[in-house]
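Notes for the structure review
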Amino acid sequence: MAIFLLDKPLFLHILTQLRNKDTDQIMFRKGMVRLGRLIGYEISNNLDLDIIQVTTPLGANVKGVVIKDLGNIMIINVLRAATPLVEGLLKAFPAAKQGVIAASRRESESTSPPKEMEVDITYLKIPKISKEDIVIIADPMIATASTMLKVLNRVTELSPKRIIIASIISSEYGINRIMKKFSFIDIFTVSIDPEINNSGYIIPGLGDAGDRSFG
């Protein structure tokens, strides 16, 4: 498993806007889309490639690069929070197939940060996955990782070539839970935040990504 921490200045600039409680719904969604596109480009730079030779219009032969897996991308949208993130990913992977999983966690207040949360998967629709496919699971927030682990249980059964998680903020605890069970999965995230509060939200985080995107 590799963790790709996307902490370049432009990523952090947009993340700062998303963290700001005064950022309105429209600007929040736009920021999510922008980060989705940038994360997609970073994922592209870490896919397998071939070196080929092409001939230019001037008759010169030159070596070039082909990212062969760009035609084998499937993006899974963990509804509803990931929808703007997926919109951005699709700008980087316009030929991607799409799957959706509707997952909701049962939220409750406790006296300490929860180690896991109950998650209900109410809808799942994933196109056929081949052994050549790269599956990108988009979920902007990975807190206890309870939702992501349930999604991964379903996706790993389909045996794609590679599974990648695209997130904006992940907790240290959530990443460690995923690593223990799925050591072969890559995570692309803009920030790794240190804490989870008693309601299961990441601290400092950015609040509820779904509510801030859609009300």
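If you're wondering where the values come from, they're calculated on a predicted model, not measured in any experiment. (Residues numbered from 1 in each chain as written. Predicted model: local features only at pLDDT ≥ 70, side-chain atom pairs only at ≥ 80, totals over all residues. Heavy atoms only, no water.)

1. Section: the packing of helix α2 (residues 25-44) against helix α3 (residues 83-92)
Rules: Angles run from 0 to 180 degrees between N-to-C directions of axes, and those axes are lines fitted to C-alpha atoms, restricted for helices to the stretch in contact. Only DSSP runs of H or I covering at least 4 residues are called helices, and only runs of E covering at least 2 are called strands; the numbering of each starts at the N terminus. Angle categories are assigned with fixed cut-offs, so that under 35 degrees is roughly parallel, over 145 is roughly antiparallel, 65 to 115 is roughly perpendicular, and the rest are oblique. Here a crossing is taken to be left-handed if its near helix is turned anticlockwise relative to the far helix by less than a right angle, and right-handed if that turn runs clockwise. Throughout, a residue-residue contact means that at least one pair of heavy atoms, one from each residue, lies within 4.5 Å.
The contact between α2 and α3 brings their axes to 6 Å, and the two run at 40 degrees. It follows that α2 is oblique to α3 by the angle criterion. α2 and α3 meet at a crossing whose hand is right-handed. Contacts between α2 and α3 pair R29, M32, V33, L35, G36, R37, I39, G40 and Y41 from the former with P84, L85, E87, G88, L89, K91 and A92 from the latter.

2. Topic: the sheet that holds strand β8 (residues 141-142)
To keep things clear, this is the line we draw: For two strands to be treated as a pair, DSSP must find no fewer than two bridges joining them.
Strands sit in the order β8-β10-β12 across an open sheet of three strands; the sheet is parallel. Whereas interior strands pair on both sides, the edge strands pair on one side only; in this sheet they are β8 and β12 (191-193). Bridge analysis of β8 against strand β10 (residues 169-171) gives two bridges, and the strand direction is parallel. In the sheet register, I142 faces β10, and the bridge partner there is S170.

3. With respect to the pattern of salt bridges
In plain terms, the rule: Put simply, a salt bridge is a Lys or Arg side-chain nitrogen that is within 4 Å of an Asp or Glu carboxyl oxygen. Burial classes: relative accessible area under 20% of the type maximum marks a residue as buried, over 50% as exposed, and values in between as partly exposed (1.4 Å probe, protein chains only).
This structure, assessed with the given rule, holds nine salt bridges. Residue D22 pairs with K21 through a salt bridge whose shortest N-O separation is 3.4 Å. Owing to a relative accessible area of 61%, D22 belongs among the exposed residues under this scheme. One salt bridge in this structure joins K97 and D133, with 3.1 Å as the shortest N-O distance. Taken together, the residues K97 in strand β5 (residues 97-105) and D133 in the loop between β6 (119-125) and β7 (134-138) connect sequence positions 36 residues apart. Owing to a relative accessible area of 33%, K97 belongs among the partly exposed residues under this scheme. A cluster of three or more residues bridged by salt bridges with shared partners is formed by D48, D69 and K161.

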